[in-house]
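Architecture and fold: a report
Here's the letter readout for the chains.
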Amino acid sequence: MSNQNQLVSKVDWITVSLYALFVLAGWMNIYSAVYNPETHLWIFDAKFYDSNAGKQLIWIGTSLLLIICIFAIDFRFFEAFAPIIYASFIGLLILVPFLGVTINGSHSWFKFGSITIQPAEFAKTATALLLAKYINEPQVNLSKWKNQWIAATIIGLPMILIIASNETGSALVFASFLIMLYREGLPGEYPGLFVGTVTIFVSALLLSPWTILATLIVITGIIIALSPIYIQRLKQTYIKAALFIVGIMFMVFLVDLAVNKVLKEHQRNRIKVLIDPSFDPRGLGYQVTQSKIAIGSGGFWGKGYLQGTQTKFDFVPEQSTDFIFCTIGEEHGFFGVMVVILLFVAFLWRLMYLADQQRSRFARAYGYGVVGILFFHFLVNIGMTIGLMPIMGIPLPFFSYGGSSLWSFTILLFIFLKLDSHRSDMLSR
Amino acid sequence: MFEGRRQILLLFFIIIGLVFIGKLFFLQVIDDSYEKAADNNAIRKIIQIPFRGEVYDRHNKLIVYNTPVYDLYITPRKAHVRDTLQFCQLFGITRAYFDSTCKQAKAYSRVKPFLFLKHLSKEDFARVQDAMVDFPGFTFTTTAFRTYQSKAFSNALGYVAEINSNSLQTQKDDYYRQGDYVGVSGIESFYEEDLRGQRGVKYRMVNSNGVEKGDFKEGRLDIQPIAGKNLYTGVDIGLQEYADSLMQHKVGSVVAIEPASGEILTMVSAPSYDPSLLAGRNFSKYYQDLALDPMKPLLNRPPSAYYRPGSTFKLIQALVGLQLGIITPSSVFTHAGAPVKCHSHNTSHNDLHNAIQWSCNPYFYHAFRKILYEDTQGNTYERSAQGLQRWSELVANFGFGRKLGVDLGNEKKGILPNVEYYNKVYKGENTWKFSNIYSLSIGEGELVVNPLKMANVAAIIANRGWYVPPHLVKAIGDNKVVDPFYKTPVSVGIDAKHFGVVIEGMKDAVLHGTVGGDGKIPDIVMCGKTGTSQNAKGEDHSVFIAFAPKDNPKIAIAVFVENAGFGGFAAAPIASLIIEKYLKGKVDRKAVEEKFMNKSYLPNVLSVTGLRPSKTKKDTLK
């Protein structure tokens, strides 16, 4: 009993409250997204559980069970069994092409009766655990090539398997481990290079080559002008600047080439739609356009709970899963989405704060893994609903409808909270 | 190690958060186009067009009404035709039409209704209605065609057609949409806002497939359609048809007015057209023919054609002279000294009565000269200006040079030359005098009128000095609303005592004067005045204005027959027949009736305009 009390006092209730708030708000919005005044059902109606809102209620209930299980397991289990957990999910990912079923064009689901599970969702947690365990090894130094390669292999293996099952969006989430690695000492050039590459890629798509060239010349010009005089006098400076510009322009050219020649039709279209939603307003652009209409029509205060017309009448596809943010935007307006964004950033901040409190490097690294995964989902999901990111079917953590998604995020988060509640028991290395 | 990196990451997260908030602020708060897009998206506006008002004649006979027609729509997802052959036979369509239309419908949408067959008649609808239970997924919607009880009233009634793009763009209150029907001319156009009623709007919520999901806001925003108002005209449709039949093979106009009320009894424009041609699905086909027809069957001549009044204007000349005190009934003018000839009459005692009876040109030449010069000062130029000023002020009271305000959109003002007019024509003040403008004395020269104005002159004389603005519609809607403008008598500023001699002259013009035997009605005292309107097109137009009976007049009329020569030849007999028909309900002079119904003045018209009637045009001419 005293153990129980200790546990209660050691759990970070701020994080738990935010989690509960997100899940509840998410459920209310799913309820609204599928709400139909003509065929309105109450929670006690058995048929209610055929609807997304009803099912989500089941997922929430089962998530509570999962939380209890996680807290019942010994905290040392996660570190000790990380390789086995990782290996089992790699195994599942290998088996999926043979035993899985296809849902929404993605051949990445296992079906048990009426329940479908997407192993890719859980592979993130497994990878985070193994990566954290590896970083925890005393001899590991992420500025060394060898260690970087091993870390990259741990991340890359599930990623490749997920891409093979046509879930590029979920695979890209693994890029978020850069945040964990960065915090644990990966030289800043790597995330810098990553962000730089993405920036070049996006600018190459959005801007004409001449605009990019002009911008580069202006920027290098300003940098040189602001540099000390002796640098300005060196011939080398100008050669470097020229090489820099030529190099970037070459990359821009490569991106153009890649988009137009290498990418498959549907991938290219997804990117084109990002640049110009009117490119295919009834097809791919439809989702973005309808999503923006739904959010944009919300105004400052929103249309009110259950009053949204866009999300309710199926104008926004996937409204309760990937596009749940539209419902929030339409019914709760700018005020509502601002609260969600601010709370989410606060949530990430709290998790980072907790991670830095850990004595064990495993727990801290894992914590940053959680932060990275959640942030990536936050970035891409909200970004795509407002037309700032290409559409990659990935959910908004805790808000979106879906058993696999809610379970996996719950497991991901509560393993960390479990570790956090035992931080005084951990050995500091 | 690396503790500071948390701050860098946090900064990165915050920047992303702010970028999102900024973008959302733009989407949700600044840019309102998304709100409009959302309304168009989810809420479908269903327009309900009410029935257009009907039109009745003065005896409450229905002359224009609506015939419902039925459009058949198919909803592919629900549609199921077990026996295609039976279906095709039922609707009288070919298998090929059935297949191709079904294909089009599916290509359009599986869930939205698609127009399958247009304009089924009421009879067809009744025939297929019971069989439709075997064919789910087919629905009917009702629209209506304008239907005309008579073919004789088309020009004044006007027609209804799809609104053209020009009117669509220039409309003031933004009521019409592409494809809406609107009154284009005649009273259909003038009373458009009464006739059209109030369009209803139903807001239905639809999902992204266009499938309806119920009323928007429980229908609180819906507007019920209000049926158009009926128009009750003063037209006697029987008389209209009779007048129309007399005007066949002729170009011209007939306008008859009830003097006491200003109600137009008849308004004929010849040649005319069959109004049913312009109501229905073949509008564009027939409209082309009618619009290009050189005989201009679409022109409503009574309010808009240009004519000189000719000798009928002498009546006004006489009244103006009497009112100004410049002539009296006993004033005598000889034929001598006038550049205009008198055609033939006894000049032993050429007083005003005689001059009207015989339409004496020299008399009115001298009278007009006296009107200009008597009691005026200065040289002949200055005196002409002063005289014309007082003359034109009085003539204007008869409606010359201005609109009478008839309830038709195309009424023309005509021309009443006054001092400014001639100053402009002769480029300066005191540059013209009587000798330049004496043609006015006998209704020629620069005077321009239309038949409606001259019928109103007949009504003014019948009323001895006043008129009610002529109008076709006497009451609007079930409440019989009347525009006070059409109830208020207007005085022309001529004392009633001056009318006696004019009316007596008109009576004798009919009995023993310019009107020939065909224009006399044995048992009705008609007062009339012939006119011969000179025109640049060739043979003179035949003009006649009259009212009857002499005491307590019931009808005032103006008849213009183009290129038919002297007024007594064609216009007077036609006017007499119409008056007889109206006052007696029948015409006893069958020989005269037959003569003028069959008489054609078209060869004159065609020879002056250089036209040959073509085969295709023939059936539009009556």
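The structure presented is a predicted model; accordingly, all values stated were derived computationally and were not measured. (Residues numbered from 1 in each chain as written. Chains lettered and ligands numbered in written order. Predicted model: local features only at pLDDT ≥ 70, side-chain atom pairs only at ≥ 80, totals over all residues.)

1. Brief notes about the overall build of chain B
Selection criterion: Helix and strand labels come from DSSP, where a helix needs a run of H or I of at least four residues and a strand needs a run of E of at least two; each type is numbered from the N terminus. Residues with at least 20 other C-beta atoms within 10 Å of their own are called buried, those with 12 or fewer are called exposed, and the rest are partly exposed. The C-beta atoms themselves are positioned from the backbone. For the purpose of contact definition, each residue receives a C-beta atom placed from its backbone, and two residues are in contact when these atoms lie within 7 Å.
On a plain count of helices and strands, chain B comes out with 24 helices and 18 strands. Per-residue burial for chain B yields a buried fraction of 43% across its 622 residues. For chain B, the proportion of contacts with a sequence separation of at least 24, taken over those separated by at least 6, is 73%.

2. Observations concerning the overall build of chain A
Helix and strand content of chain A: 18 helices and three strands. Expressed as a percentage of the 429 residues in chain A, the buried residues total 42%. Expressed as a percentage of contacts within chain A between residues at least 6 apart in sequence, the contacts between residues at least 24 apart total 69%.

3. Some words on the environment of B:Asn479
Mapping B:Asn479 onto the fold places it in the loop between strand S14 (473–476) and strand S15 (490–491). Spatially, the C-alpha atoms of B:Asn479 and B:Asn230 are 9.8 Å apart, while their sequence positions differ by 249 residues.

4. Observations concerning the pairing of strand S18 (residues 555–561) of chain B
All names here are of chain B. Using the following cut-off: Strand pairing follows a simple DSSP-based rule, namely that at least 2 bridges must link the two strands.
In terms of burial, S18 is a largely internal element, seven of the seven residues being buried. Residues Ile555, Ile557, Val559 and Val561 point to one face of S18 and Ala556, Ala558 and Phe560 to the other, with burial holding for every one of them. Summarising the sheet, strand S11 (residues 252–258) and S18 pair through six bridges and their orientation is antiparallel. Counterpart to Ala256 in the pairing with S18 is Ile557. Looking at chain direction, strand S17 (residues 538–548) and S18 are connected through seven bridges and run antiparallel. The residue bridging Ile545 from the neighbouring strand is Ala558, located in S18.

5. Examining helix H20 (residues 499–512) of chain B
Quick reminder of the rule: Expected span of a helix: the number of residues minus one, times 1.5 Å.
With 14 residues, H20(B) extends 20 Å from end C-alpha to end C-alpha; this agrees with the ideal 20 Å at 1.5 Å per step. Buried residues belonging to H20(B) abut helix H13 (314–324), helix H14 (352–358), helix H19 (451–463) and strand S16 (527–535) of chain B.

6. Points about the nonpolar core
So the rule is basically this: A set of buried Ala, Val, Leu, Ile, Met, Phe, Trp, Tyr and Cys residues, joined through C-beta atoms within 7 Å, is what we mean by a nonpolar core.
Of all hydrophobic cores here, the largest spans 131 residues; its most connected members are B:Ala256, B:Ala455, B:Ala458, B:Ala546, B:Ile557 and B:Ile578. Among all residues touching B:Ala455, those that are not within four sequence positions of it are B:Val255, B:Ala256, B:Ile257, B:Ile545, B:Ala556, B:Ile557 and B:Ala558. Membership of the second largest hydrophobic core comes to 104 residues, among which are A:Ile135, A:Phe177, A:Phe414 and B:Leu27.

7. Comments concerning the UniProt feature "transmembrane region" (unreviewed entry) in chain B
How we decide: UniProt positions are given in the numbering used here, feature names are shortened, and annotations may be inferred rather than shown by experiment.
Following the UniProt record, one finds the feature "transmembrane region" (unreviewed entry) at residues 7–26 of chain B. Strand forms 0% of residues 7–26 of chain B and helix 100%; the C-alpha atoms that close the span are 28 Å apart.

8. With respect to the sheet that holds S11(B)
All names here are of chain B. Our working definition: Lines fitted to C-alpha atoms define the axes, with helix axes restricted to the stretch in contact, and inter-axis angles between N-to-C directions lie between 0 and 180 degrees.
Spatial ordering of the open sheet is given by S12-S11-S18-S17-S16, a layout of five strands whose pairing is antiparallel. One side of each edge strand has no neighbouring strand; the edge strands of this open sheet are strand S12 (263–270) and S16. Each strand axis lies, on average, 10° off the axis of its neighbour in the sheet, ignoring direction. Seen against the sheet, helix H21 (residues 571–584) touches S11, S12, S16, S17 and S18 and runs at an angle of roughly 150° to S18.

9. Some words on the confidence of the model for chain B
Stated formally: For every residue, the predictor states its confidence as a pLDDT score lying anywhere from 0 to 100.
When pLDDT is averaged along chain B, the result is 85, and 92% of the positions lie at 70 or above. For this predicted complex, the interface confidence comes out at an ipTM of 0.88, alongside a pTM of 0.59.

10. Overview of the packing of helix H5 (residues 82–99) of chain A against helix H6 (residues 119–136) of chain A
Residues and elements named next belong to chain A. As a reminder of what qualifies: Working definition: roughly parallel below 35 degrees, roughly antiparallel above 145 degrees, roughly perpendicular at 65 to 115 degrees, and oblique for all remaining angles. Crossing chirality is assigned from the near helix's rotation relative to the far helix, an anticlockwise turn below a right angle marking it left-handed and a clockwise turn marking it right-handed.
Taken N-terminus to C-terminus, the directions of H5 and H6 make an angle of 150°; their axes are 8 Å apart at the nearest point. Relative to H6, H5 is oriented roughly antiparallel. H6 is crossed by H5, and the crossing has left-handed handedness. Side by side, H5 and H6 meet where Ala82, Pro83, Ile85, Tyr86, Phe89, Leu92, Leu93 and Val96 of the first sit next to Pro119, Ala120, Phe122, Ala123, Ala126, Thr127, Leu129, Leu130 and Lys133 of the second.

11. Quick look at the environment of B:Gly53
Residues and elements named next belong to chain B. Here Gly53 lies in the loop between strand S1 (43–48) and strand S2 (55–56). Along the backbone, Gly53 and Ile476 are 423 residues apart, and their C-alpha atoms lie at a distance of 9.6 Å. In this structure Gly53 touches Asp194, Leu195, Gly197, Gly228, Lys229, Asn230 and Leu231, once residues within four positions along its chain are discounted.

12. What to know about unusual backbone geometry
The general pattern is negative phi for most residues beyond glycine and trans for most peptide bonds. Residue and element names in this part refer to chain B. Cis geometry is adopted by the peptide bond preceding Pro271, which originates at Ala270 and carries an omega value of -5°. Mapped onto the secondary structure, Pro271 falls in the loop between S12 and helix H11 (283–292). At the junction of Ala548 and Pro549, the peptide bond is cis and its omega measures out at -15° in the coordinates. Backbone geometry at His249 places phi at a positive 65°, although glycine is not the residue there.

13. Examining H19(B)
Residue and element names in this part refer to chain B. Over its 13 residues, H19 runs 18 Å from end to end, which matches the ideal 18 Å to within 8%, given 1.5 Å per residue. Most of H19 sits out of view: 13 of its 13 residues are buried. Looking at the residues trailing H19, positive phi occurs at Arg464, about 60°.

14. Looking at the environment of B:Val543
All names here are of chain B. Looking at where Val543 falls in the secondary structure, it is placed in strand S17. What makes Val543 buried here is the crowd of 35 C-beta atoms within 10 Å. Between the C-alpha atom of Val543 and that of Glu562, which follows or precedes it by 19 residues, the distance is 8.5 Å. Here Val543 is in contact with Gly310, Thr312, Thr530, Gly531, Thr532, Ser533, Phe560, Gly567 and Ala571, once residues within four sequence places are set aside.

15. Quick notes on the packing of H6(A) against helix H7 (residues 145–164) of chain A
The geometry of a pair of packed helices is captured by two quantities: the angle between their axes and the separation between those axes. All names here are of chain A. Convention followed: Think of it as three bins: nonpolar holds Ala, Val, Leu, Ile, Met, Phe, Trp, Tyr, Cys and Pro, charged holds Asp, Glu, Lys and Arg, and polar takes everything else, Gly as well.
It is the contact of H6 with H7, at a shortest axis distance of 10 Å, that shows an interaxial angle of 170°. The angle between the axes of H6 and H7 places the two elements in the roughly antiparallel class. Here H6 contributes Ala120, Ala123, Thr127, Leu130, Leu131 and Tyr134 to the contact with H7, which in turn contributes Ile150, Ala151, Ile154, Ile155, Pro158 and Ile162. Tallied by class, residues from the contact of H6 with H7 come to eleven nonpolar, one polar and no charged.

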